[in-house]
Amino acid sequence: MLLVIGITLLAFAAWQAWQVIEFNRQAISTTATVVADRGGEHDVMSEPHPLIEFATADGQTVRYNQNGMGSQRIGSHMPLRYLAADPRGTAIVATFWSTWSQVILPLIPAIGAIVLGLLGAVVGLRPGRY
């Protein structure tokens, strides 16, 4: 059963990797800025899901909250990618973790389940076990 779960998770991770590669192939690259969440003058660091601002290729200013980044220094610049058809809905800070976490997270339990499944099969097939 662990092999089935592992292979399913592995297939899901592969599908996610294909999605990331396709997104990166089609995405527009720009530079984004972390902006103050609450608008306070004394804010130095953002909230754990920082408010990101960037300008699209056609000059539109877009703001959105980036999940999974942790606090960032207000005013810091970072690379960003987005799809022209939906800049706000597809924007993502182009760091390794932000880009590839959706592949890595299912990959870890997939490998674990496959290894445990294979070990269980090897141990279970040993002659004279009982």
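This report concerns the structure included in the present document. (Residues numbered from 1 in each chain as written. Predicted model: local features only at pLDDT ≥ 70, side-chain atom pairs only at ≥ 80, totals over all residues. Heavy atoms only, no water.)

**Notes on the sheet that holds strand E1 (residues 28-35)**
Now for step 1: Taken together, the five strands give an open sheet; going across it, the order is E3-E2-E1-E4-E5, and neighbouring strands pair in antiparallel fashion. Both outer strands of the open sheet, strand E3 (61-65) and strand E5 (92-93), are each paired with one neighbouring strand and no more.
Now for step 2: Sheet analysis places strand E4 (residues 77-82) next to E5, joined by two bridges and oriented antiparallel. Along E5, the bridge assignment pairs leucine 80 with valine 93. (Pairing = 2+ DSSP bridges. Helix = DSSP H or I, 4+ residues; strand = E, 2+ residues; numbered from the N terminus.)

**Overview of helix H1 (residues 2-26)**
Now for step 1: Taking 1.5 Å of rise per residue, 25 residues should cover 36 Å, and H1 covers 36 Å from first to last C-alpha, within 8% of that figure.
Now for step 2: Along H1, the residues that are buried comprise Gly6, Ala13, Gln16, Ala17, Val20 and Phe23.
Now for step 3: Where H1 is buried, its residues contact E4, helix H2 (87-90), E5 and helix H3 (96-124). (Expected span 1.5 Å × (residues − 1). Buried < 20%, exposed > 50% of the residue type's maximum accessible area, 1.4 Å probe, protein only. Contact = heavy atoms within 4.5 Å.)

**As for the packing of aromatic side chains**
Now for step 1: One pass over the structure, following the stated rule, counts three aromatic pairs.
Now for step 2: Relative to tyrosine 64, the ring of phenylalanine 54 has its centre 6.3 Å away and its plane inclined at 80 degrees; by these criteria the two rings are edge-to-face. Linking phenylalanine 54 in strand E2 (residues 51-55) with tyrosine 64 in strand E3, this pair joins segments that are ten residues apart in sequence. Taken individually, phenylalanine 54 and tyrosine 64 each receive the classification buried, so the pair is uniform in this respect.
Now for step 3: Both rings, one in phenylalanine 54 and one in tyrosine 82, keep their centres 5.2 Å apart while their planes meet at 40 degrees; by these two values the pair is tilted. (Phe/Tyr/Trp six-rings, centres within 6.5 Å; stacked < 30°, edge-to-face > 60°.)

**As for the packing of H1 against H3**
Now for step 1: Following both chains from N to C, one finds H1 and H3 inclined at 160 degrees, their axes separated by 7 Å at the closest point. Of the possible angle classes, the one that applies to H1 and H3 is roughly antiparallel. Here the hand of the crossing between H1 and H3 comes out left-handed.
Now for step 2: When grouped by side-chain class, the residues that make up the contact of H1 with H3 number 20 nonpolar, six polar and no charged. (Axes fitted to C-alpha atoms, helices over the stretch in contact; angles between N-to-C directions. Parallel < 35°, antiparallel > 145°, perpendicular 65-115°, else oblique. Left-handed = near helix turned anticlockwise from the far one by under 90°. Nonpolar A, V, L, I, M, F, W, Y, C, P; charged D, E, K, R; others polar.)

**Observations concerning the nonpolar core**
Now for step 1: Within the largest apolar cluster, twelve residues are counted, these being Ala32, Val34, Ile52, Phe54, Val62, Tyr64, Met69, Met78, Leu80, Tyr82, Ala91 and Val93.
Now for step 2: Of all elements in the fold, only E1, E2, E3 and E4 reach the threshold of two or more residues within this core.
Now for step 3: When residues of this core are assigned to their parent elements, the largest contribution, three residues, is made by E4.
Now for step 4: The contacts of isoleucine 52, once residues within four sequence positions are left out, are Ala32, Thr33, Val34, Val62, Arg63, Tyr64, Gln66, Met78, Leu80 and Val93. (Core = buried A, V, L, I, M, F, W, Y, C linked by side-chain atoms within 4.5 Å.)

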